[in-house]
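# What the coordinates show
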Amino acid sequence: VCDVLIDLGDFRGARNRCEDALKIFAASGTVDVVKQTRSFLAQIDLAEGQAGRALATLNDILANGAVDMPPREVTPLFKLRADANAALGNIAAAYADLDEHMRLYTTTNETRRVRQVAALHARFEIDRQLDRNAALQLELTQSKERQAELQRRTWLAISAGALVIT
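Right, let's walk through the structure included here. (Residues numbered from 1 in each chain as written. Predicted model: local features only at pLDDT ≥ 70, side-chain atom pairs only at ≥ 80, totals over all residues. Heavy atoms only, no water.)

## Points about the layout of surface pockets
- If you add up the space inside the largest pocket, you get close to 190 Å³.
- Lining the largest pocket, in full, are Asp 3, Ile 6, Asp 7, Gln 36, Ser 39, Phe 40, Gln 43, Arg 72, Glu 73, Pro 76, Leu 77 and Leu 80.
- Elements supplying a minimum of two residues to the lining of the largest pocket: helix 1 (2–7), helix 3 (31–47) and helix 5 (71–87).
- Taken together, the residues of the lining of the largest pocket sort by class into five nonpolar, three polar and four charged. (1 Å grid on protein atoms, 1.4 Å probe; cavity = no way out; pocket = protein on both sides within 12 Å on 5 of 7 lines; lining within 4 Å. Points joined across faces, edges and corners; volume = space filled by probe spheres on them. Helix = DSSP H or I, 4+ residues; strand = E, 2+ residues; numbered from the N terminus. Nonpolar A, V, L, I, M, F, W, Y, C, P; charged D, E, K, R; others polar.)

Structure (structure tokens):
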């Protein structure tokens, strides 16, 4: 709910929701969710002109490379921290964070692309196998039909031969 309220520009409502959620998440001990909620609060701080507070929060969240968070959640935090650094005039740090954001973004997209290619390849192989199975089934059906026709002709020949003999 915090992020939706942020997107709607309701920063006061978002802050209230995020702070309430933060208390619950902190009590449950879920570090990644606590950090995600704190990042929403940093986003609110930045939007309200509190770049220094936002930067301090983001530095804490991103400490140790944020290895306790899913990579998809870490990538946008570097962009947010770059914005906070830029607001404070820390241009070199802002560029470094933008560079890290782009590196992570590219890596994430490349990983996603590789997975999609693998999924498409697997789907292609499945479709190819289904087509092969259908062709084999058709071949089996046609073989059975030929066998039945051959058996019918054999019986006709035997019957005709029996009639000629009698």
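Past the structure itself, the notes keep going.
## Describing the nonpolar core
- The biggest cluster of nonpolar side chains holds 16 residues, and the ones touching the most others in it are Leu 46, Leu 58, Leu 62, Met 69, Val 74 and Leu 77.
- Elements represented by at least two residues in this core include exactly helix 3, helix 4 (51–61) and helix 5.
- Not counting residues within four places of it along the chain, the set of residues in contact with Val 74 comprises Leu 62, Ala 66, Met 69 and Leu 104.
- Core analysis: the second largest hydrophobic core is formed by eight residues, Cys 2, Ile 6, Ala 14 and Ile 44 among them. (Core = buried A, V, L, I, M, F, W, Y, C linked by side-chain atoms within 4.5 Å. Buried < 20%, exposed > 50% of the residue type's maximum accessible area, 1.4 Å probe, protein only. Contact = heavy atoms within 4.5 Å.)

## Focus: the packing of helix 4 against helix 5
- Contact geometry of helix 4 with helix 5 gives a least axis separation of 9 Å together with a crossing angle of 145°. The interaxial crossing formed by helix 4 with helix 5 has left-handed handedness. Here Ala 51, Leu 55, Leu 58, Asn 59 and Ile 61 of helix 4 lie close against helix 5, whose contacting residues are Leu 77, Leu 80, Arg 81, Ala 84, Asn 85 and Ala 87.
- Its residues assigned to classes, the contact of helix 4 with helix 5 comprises eight nonpolar, two polar and one charged. (Axes fitted to C-alpha atoms, helices over the stretch in contact; angles between N-to-C directions. Left-handed = near helix turned anticlockwise from the far one by under 90°.)

## Some words on the pattern of salt bridges
- In this structure the tally under the stated criterion is 13 salt bridges.
- Here Glu 100 and Arg 103 are joined by a salt bridge, their closest N and O atoms 2.6 Å apart. Here Glu 100 pairs with Arg 103, and both are found in helix 6 (residues 91–165), just three residues apart, close to one helical turn.
- Exposure remark for Glu 100: the relative accessible area of 22% places this residue in the partly exposed category.
- A salt bridge links Arg 153 to Glu 149; its shortest N-O distance comes to 3.1 Å. Taken together, the positions of Arg 153 and Glu 149, both in helix 6 and four residues apart, correspond to about one turn of that helix.
- For Glu 149, a relative accessible area of 27% gives the class partly exposed.
- One network of salt bridges, in which partners are shared, links Arg 15, Asp 45, Glu 48 and Arg 53. (Salt bridge = Lys/Arg side-chain N within 4 Å of Asp/Glu carboxyl O.)

## Side note on the state of the cysteines
- Scanning the model with the defined rule gives one disulfide in all.
- Between Cys 2 and Cys 18 runs a disulfide, and the two sulfur atoms are separated by 2.4 Å. A residue pair is termed long-range when its members are at least 10 positions apart, and Cys 2 in helix 1 and Cys 18 in helix 2 (residues 11–28) qualify at 16 residues. Of the two residues, Cys 2 and Cys 18, both sit in the buried class. (Disulfide = S-S within 2.5 Å.)

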